[in-house]
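Architecture at a glance
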Amino acid sequence: MRVLVVGSGGREHALCWTLARSASVDEVIAAPGNPGIEAVGRCMPVDVKDPAAVAQLADNVGADLVLGGSEESLVRGLVDAVQARGRHAFGPTAVAAHLEGSKAWMKELVAEAGVPTARHAAFTAADEDGALEFLTTLDGLYVVKTDGLAAGKGVVVTESLDEARDAVRAYLSGSAFGDAGRTLVIEEGMRGPELSLLVVCNGDVDGAAPLAPAQDFKRIGDDDTGPNTGGMGAYSPVPVAGADIVEQVMAEAVRPTLRALAARGIEYRGILYAGLMLTEDGPKLVEYNVRFGDPECQVVVPRLTTDLGELCLASASGKPLPDVRCATDAWVTVVLASESYPASPRTGDVIEGIDAAAAQPGVLVFHAGTARNDDGRLVTAGGRVLDVTASAPTLGEARDQAYDAAAMISWPGMQLRRDIAAAAAAQVSA
Ligand code: AMP
Ligand code: GLY
């Protein structure tokens, strides 16, 4: 197969790296790709926000399968556009991508399906008073979210009622996130470890197959301090999430949601990513995403021993999925971010030390936001710049290897969290 991967982040680098090793895949093309992906596939320019342009490129290169990257592309109808030209595209159609595109719609659907999740209500600017009133019914931990897409940054979780009120006003006025925030969702705060379960779906409720669970680190700072980001690191497997928890999430959240979608005439294919919180009352749904998680993909997908090309093609064409299996080793990824991420990342700094880091045993350095300058040197080109990823027999060893390799890389103002997988590694070795 010739596979076209749409996007340019660390997730897409990990997908391309894994596809390049798949027996079913002859050629990997990334659009637009990044300098790291050039080592495993061909990169071609495209406007990822334009589904028709991506579908045209898929025709031009004769792609047998298109793997659609970001939520924005999917919500805009990437899969619909590619399918309309008679090609296979992995991912949900625009209507199914609503699960991530509108949190209010998603919450309504899952409440109807009986999925355990936080109590919530949705409001528009016309009902600011109602929103402020609803906040007072919550129990000390307040969550305010944009209804629409905000690249993982449109959520405020706070114990301060004043801060929650400020967020409501800023969102509804459009000053914080433009139109994405003019409808908002307020939820009760949940407490507990978070879990990301990425499930491969093929349109058949009972055919859905979970990948290995992963844990992501959303805040910029150690010990979960500071603002939310797209994700600062991840690991898999997750010691607190054994097969029993995975089956509970499939039975209480994923399958009921797929059934509720089917009842509305919506068939779901591609990745359904359940973001969960393991509360004292059991796993509860935080959100659904309609694509691979970034950086969870980097620790889940390369771990697969099932052929990724074959798995994605079966999903995209609505066929039974091959058995999903993964290696027994542990994977850890540490995100290296640029100065002032997530508020206003500085770009254009020359990156030193990638080759030395990538030469370490068990280490892969996925590019998330890099570019080449006029001298051909690698420079920072985004908020999240590199994902230093390591695999080893245990989480502790994988973590040490990832941090040793990360220490070889530098640029002015580089940021990283020091506690990725720390608690889990300590728990396993205790
Ligand atoms: P979302 O965009 O819905 O995934 O939210 C982003 C992050 O905000 C989640 O990964 C959680 O860390 C946090 N969060 C969202 N909703 C809640 C909630 N109801 N209770 C506690 N934390 C939450
Ligand atoms: N890492 C969180 C996400 O991909 O949404």
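Described in the following lines is the structure provided in the data block. Not measured: the values here are computed from a predicted model.

Turning to the site of ligand 2, a few remarks are in order. If you check the shell around ligand 2, you find Asp216, Lys218, Gly230, Tyr273, Asn289, Arg291, Gly293, Asp294, Pro295 and Glu296 and nothing else. Asp216 is positioned with one of its side-chain polar atoms (N or O) 2.8 Å from a nitrogen atom of ligand 2. A distance of 2.9 Å separates a nitrogen atom of ligand 2 from a polar side-chain atom of Glu296. Within the shell around ligand 2, the residues separate by chemical class into 2 nonpolar, 3 polar and 5 charged.

This part takes up the pattern of salt bridges. Under the criterion given, the structure shown has 27 salt bridges. Here Glu100 makes a salt bridge to Arg291, at a shortest N to O gap of 2.9 Å. Residue Glu100 is found in helix α5 (residues 98–101), and its partner Arg291 is found in the loop between β17 (282–289) and α10 (296–300); the two are separated by 191 residues along the sequence. Of the two residues, Glu100 and Arg291, neither departs from the other in class, the shared state being buried. The residue Glu267 makes a salt bridge to Arg269 at a minimum N-O spacing of 3.0 Å. Overlapping salt bridges bring together Arg2, Glu27 and Arg42 as one network.

Here helix α6 (residues 103–112) crosses helix α9 (residues 243–263) at 105 degrees, and the two axes come no closer than 9 Å. Here α6 lies roughly perpendicular to α9, going by the angle between them. Every residue of α9 that contacts α6 at Trp105, Leu109 and Val110 is listed here: Thr257, Ala260 and Leu261. Of the residues in the contact of α6 with α9, the class split is 5 nonpolar, 1 polar and no charged.

Now for the packing of helix α13 (residues 395–406) against helix α14 (residues 422–429). Contact geometry for α13 and α14: axes closest at 8 Å, N-to-C directions at 145 degrees. Considering the relative orientation of α13 and α14, their crossing is left-handed. On the side of α13, the interface is formed by Leu395, Gly396 and Arg399, while α14 contributes Ala422, Ala424, Ala425 and Val428. Residues of the contact of α13 with α14, tallied by class, amount to 5 nonpolar, 1 polar and 1 charged.

Lining the immediate environment of ligand 1, one finds 16 residues, of which Glu187, Met190, Glu194, Lys218 and Glu287 sit closest. For ligand 1, a nitrogen atom lies 3.0 Å from a polar atom in the backbone of Glu188. Summarising the interface, the protein chains cover 94% of the accessible area of ligand 1, which totals 470 Å² for the free molecule. Counting residues per element, the ones that place at least two in the shell around ligand 1 are β7 (142–146), β8 (155–158), β9 (183–188) and β17. Looking at the shell around ligand 1 residue by residue, the classes come out as 7 nonpolar, 2 polar and 7 charged.

About the cut-offs
Within each chain, residues carry numbers counting from 1 in the order of the written sequence. Chains and ligands are labelled by the order in which they are written, letters from A for the one and numbers from 1 for the other. A pLDDT threshold of at least 70 governs which residues receive local features in this predicted model, and a stricter bar of 80 or more applies before side-chain atom pairs are shown or counted, although totals over entire chains, interfaces and linings include all residues. With hydrogens and water set aside, each side-chain value is computed from the structure's full complement of heavy atoms. Here a residue is near a molecule or strand as soon as one of its heavy atoms is found within 4 Å of it. In the analysis that follows, any N or O atom pair within 3.5 Å is treated as a polar contact, provided that within protein one partner can donate a hydrogen and the other can accept it, and provided that, for residues neighboring in sequence, both atoms belong to side chains. Each residue receives one of three labels: charged for Asp, Glu, Lys and Arg, nonpolar for Ala, Val, Leu, Ile, Met, Phe, Trp, Tyr, Cys and Pro, and polar for the others, Gly being one of them. Salt bridge, as used here, is a side-chain nitrogen of Lys or Arg placed within 4 Å of a carboxyl oxygen of Asp or Glu. Helix and strand definitions here come from DSSP, where helices need a minimum of 4 consecutive H or I residues and strands a minimum of 2 consecutive E residues; each element is numbered from the N-terminal end. The buried label goes to any residue with under 20% of its type's maximum accessible area, the exposed label to any with over 50%, and the partly exposed label to all in between, with areas taken from a 1.4 Å probe on protein chains only. Simply put, an axis is a line fit to the C-alpha atoms, just over the touching stretch for a helix, and the angle between two N-to-C directions goes from 0 to 180 degrees. Every angle not falling under 35 degrees, over 145, or within 65 to 115 is termed oblique; those three ranges are roughly parallel, roughly antiparallel and roughly perpendicular. When checking whether two residues touch, look at their non-hydrogen atoms; a contact exists if any pair is within 4.5 Å. Crossing handedness is defined as follows: a turn of the near helix away from the far one that is anticlockwise and smaller than a right angle gives a left-handed crossing, while the clockwise case is right-handed. A 1.4 Å probe and the Shrake-Rupley method give the accessible areas. Residues count as covered only by the protein chains that appear here.

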